[in-house]
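Listed below are the residues making up each chain.
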Amino acid sequence: MSWSLQRRLGTADAVVLGLSAMLGTGVFAVWAPAAGAAGSWLLLAVLLAGVVAMCNAASTADLAVAHPESGGGFVYGRERLSHGAGRLAGVAFLVGKTASAAAAAGVFGAYVLPSHPLPAAILVIIAATVLNTAGVRWTARGAYALVGGTLAVLLVVVVVGLFGTQVDPVASAVTPDVEPVAIRGGVIGVLTAAGLVFFAFAGYARIATLGAEVRDPDRTLHRAIPIALGIALVTYMLVAIALLVGFGSERLATEPTPLVALVDAGEASALGVIVRVGAAMAAASALLAVLVGVSRTELAMAQRRELPSALAVVCSRGTPFWADLAGGVAAIVLAVFAGPMAAIALSACSVLVYYAVINLAALRLPASQRRWPVWTSVVGLLLCVSLSVMLALQQVLTTAVALVVGWVVCTVFARRR
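The chain carries the name APC family permease in an unreviewed UniProt entry, which gives Pseudonocardia yunnanensis as its organism.

J.: What am I meant to see in the overall build of the chain here?
T.: Along its length, the chain carries 18 helices and zero strands. For the chain, the proportion of its 417 residues judged to be buried stands at 59%. Across the chain, the fraction of contacts at a sequence separation of at least 24, relative to all contacts at a separation of at least 6, is 83%. Roughly 15500 Å² of accessible area belongs to the chain as shown, and the carbon and sulfur atoms make up 69% of that amount.

J.: How should the side chain of S100 be read in this particular structure?
T.: Residue placement: S100 occurs in helix α6 (residues 83-112). On the basis of relative accessibility, which here comes to 8%, the residue S100 falls in the buried class. The residues contacting S100, other than those within four sequence positions of it, are T25, F199, V290 and S347.

J.: Whenever I open this one, empty space enclosed by the protein confuses me. Can you help?
T.: Take a probe with the size of a water molecule and roll it over the atoms, and the empty space left behind shows itself. Scanning the entire structure with this criterion turns up two cavities of 30 Å³ or more. Of the pockets and cavities examined, the largest cavity occupies roughly 90 Å³. Residue lining of the largest cavity: 15 residues in total, with A21, K97, S100, F199 and G203 positioned closest to the centre. Listed by contribution, the elements that provide at least two residues to the lining of the largest cavity are α1 (11-22), α2 (25-29), α6, α9 (186-201), α14 (271-303) and α16 (340-362). For the lining of the largest cavity, the per-class residue count stands at eight nonpolar, six polar and one charged.

J.: Just checking my understanding: could you explain a nonpolar patch on the surface for this structure?
T.: A surface patch of nonpolar side chains, amounting to about 810 Å² of accessible area, comprises L118, V313, F321, W322, L325, V329, V333, V336 and F337. The element that contributes the greatest number of residues to the nonpolar patch is helix α15 (residues 321-337), accounting for seven residues. With respect to the element layout, L325 can be found in helix α15. Take L325: its relative accessible area is 35%, and that puts it in the partly exposed class.

J.: How should the state of the cysteines be read in this particular structure?
T.: Each disulfide consists of a covalent bond between the sulfur atoms of two cysteine residues. In total, this model carries zero disulfides according to the counting rule given. Sulfur of C55: no disulfide; nearest cysteine sulfur belongs to C384 and is 8.5 Å away.

J.: Looking at this structure, I do not really get α6. What am I missing?
T.: Residues separated by three or four positions in an α-helix point in the same direction, a consequence of the helix having 3.6 residues per turn. Between the first and last C-alpha of α6 there are 43 Å, a value that for 30 residues agrees with the 44 Å anticipated at 1.5 Å per step. Across the 30 residues of α6, 25 count as buried, placing the element largely inside the fold.

J.: Is there a simple way to think about the packing of aromatic side chains in this case?
T.: What describes a pair of aromatic rings is the distance from one ring centre to the other and the angle between the planes of the rings. Summed over the entire model, instances satisfying the criterion amount to four aromatic pairs. Aromatic side chains F93 and Y354 sit 5.0 Å apart centroid to centroid with 50 degrees between the ring planes, which places their arrangement in the tilted category. Highlighted residues: F93 in helix α6 and Y354 in helix α16, separated in sequence by 261 residues. Accessibility assignment for this pair places F93 and Y354 in one class, buried. Over the ring of W407 we find R87; its NZ or CZ atom is 5.6 Å from the centre of that ring.

J.: Explain helix α3 (residues 31-38) here, please?
T.: Of all eight residues that make up α3, eight are buried, and the element is covered over most of its length. Those residues of α3 that sit buried are W31, A32, P33, A34, A35, G36, A37 and A38.

J.: Looking at this structure, I do not really get the packing of α1 against α14. What am I missing?
T.: Each pair of packed helices gets described by two things: the angle between the helix axes and the distance between those axes. Interhelical geometry of α1 versus α14 gives an angle of 120 degrees and a closest axis separation of 7 Å. With respect to α14, the axis of α1 lies oblique. Of the two elements, α1 crosses α14, and the hand of that crossing is left-handed. On α14, the residues that touch L17, S20 and A21 of α1 are S285, A286, A289 and V290. Tallied by class, the residues present in the contact of α1 with α14 amount to five nonpolar, two polar and no charged.

J.: Where do I start with the packing of helix α4 (residues 42-66) against α9 in this structure?
T.: Contact geometry of α4 with α9 gives a least axis separation of 8 Å together with a crossing angle of 55 degrees. One finds that α4 runs oblique with respect to α9. Where α4 crosses over α9, the two elements pack in a sense that is right-handed. Facing α4, whose interface residues are L44, A45, V46, L48, A49, G50, V52, A53 and N56, α9 presents V190, L191, A193, A194, V197, F198 and F201. Its residues assigned to classes, the contact of α4 with α9 comprises 14 nonpolar, two polar and no charged.

J.: Just checking my understanding: could you explain the confidence of the model for the chain for this structure?
T.: Predicted coordinates in regions of low pLDDT should not be interpreted in detail. When pLDDT is averaged along the chain, the result is 79; 83% of the residues meet or exceed 70. Mean pLDDT per element in the chain: helix α10 (residues 205-208) is the minimum at 63, and helix α17 (residues 374-389) is the maximum at 92. Within the model, pLDDT remains below 50 along residues 170-183, and this stretch shows 34 contacts once partners closer than five positions in the same chain are excluded.

Thresholds applied
- Residues numbered from 1 in each chain as written.
- Predicted model: local features only at pLDDT ≥ 70, side-chain atom pairs only at ≥ 80, totals over all residues.
- Heavy atoms only, no water.
- Helix = DSSP H or I, 4+ residues; strand = E, 2+ residues; numbered from the N terminus.
- Buried < 20%, exposed > 50% of the residue type's maximum accessible area, 1.4 Å probe, protein only.
- Contact = heavy atoms within 4.5 Å.
- Areas by Shrake-Rupley, 256 points an atom, 1.4 Å probe, with all protein chains shown as cover.
- 1 Å grid on protein atoms, 1.4 Å probe; cavity = no way out; pocket = protein on both sides within 12 Å on 5 of 7 lines; lining within 4 Å.
- Points joined across faces, edges and corners; volume = space filled by probe spheres on them.
- Nonpolar A, V, L, I, M, F, W, Y, C, P; charged D, E, K, R; others polar.
- Patch = residues over 30% accessible without salt bridge, like charges linked within 9 Å, V, L, I, M, F, W, Y side chains within 5 Å.
- Salt bridge = Lys/Arg side-chain N within 4 Å of Asp/Glu carboxyl O.
- Disulfide = S-S within 2.5 Å.
- Expected span 1.5 Å × (residues − 1).
- Phe/Tyr/Trp six-rings, centres within 6.5 Å; stacked < 30°, edge-to-face > 60°.
- Lys NZ or Arg CZ within 6 Å of the ring centre and 35° of its normal.
- Axes fitted to C-alpha atoms, helices over the stretch in contact; angles between N-to-C directions.
- Parallel < 35°, antiparallel > 145°, perpendicular 65-115°, else oblique.
- Left-handed = near helix turned anticlockwise from the far one by under 90°.
- pLDDT = per-residue confidence, 0-100.

This is the structure in structure tokens:
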């Protein structure tokens, strides 16, 4: 029997689902390498990442209304540019968000079971996959509690950082999994840091991939994306200010878990437990949101015969069961073979490529279908390309190989069918 996705989500649901993807792994993991790149100019890098995200959000919102269906950039690139461009966006999204899911699971494991983080990471991916196969409404309800808890934890960090005792500026030892970026300050450093911080903003794509599951897409998508992005930008700026005040840029660049370290170093060290719990909640929240976005893109690509047809099957619960399962398995594989920081770098570069395609596709929209000025798409395109190539060379090459291999496989599969 054939089933279709149901339009059950309102504006508040979409905002929370977007926030659950943005207020996740990034805010707990990107500060050390970002501070290592930008140094005392970290706030400028955060602001620049927010500008890129806003431009991308404008293009995404216009395209999501013009094409209110699941698939996001894969659909936009295919319809507005070419099949090959859409395929590139789809592959970039799948690679980037699967890496993001693996990073979130890694952070969860490190905070919940630091002695054996990998088993914990695998278990949380399995749990998130099971929740997603149960339906979007269940996922949305869970996201409300997770987002609220994460915001409360970040508020604690901001208060301690701004009003608590300043941490000793002597740098702490760096763990093997964290390698601060060598470049310090300057234009290149700020661009490199902005590319890393952008990883934390990229969750609003989660909203666009639900185009076929929201009520009144025109109103809902145009409101939900800017609202979610604005909340995230204010939150990240406050956290960055608190970390710079509490640590200083030099110490921050060498601290792999700055939010926990900042609270632990204060007079209320018991609050560190709350931050650890919050990090686990944020990671779980990111998994719930990101894996749904991955499965919806798989669904859209399978419906157009660029992935196996089994991924296009929608079960009686209104969810693409096999696509959900495939996304979970892929996230487990990446979690096993890559650490959280490597996964973050892969995700950041891939998602920047994804949004470059989206901005290019938005430039093909007629004026009657645009609510945002054309220059937002132009600026977004230029900044996405610039930030992606400013990341470390190894990260850029790894991303390029992954995207080329994925694109070729999908192309061969499509032509054979």
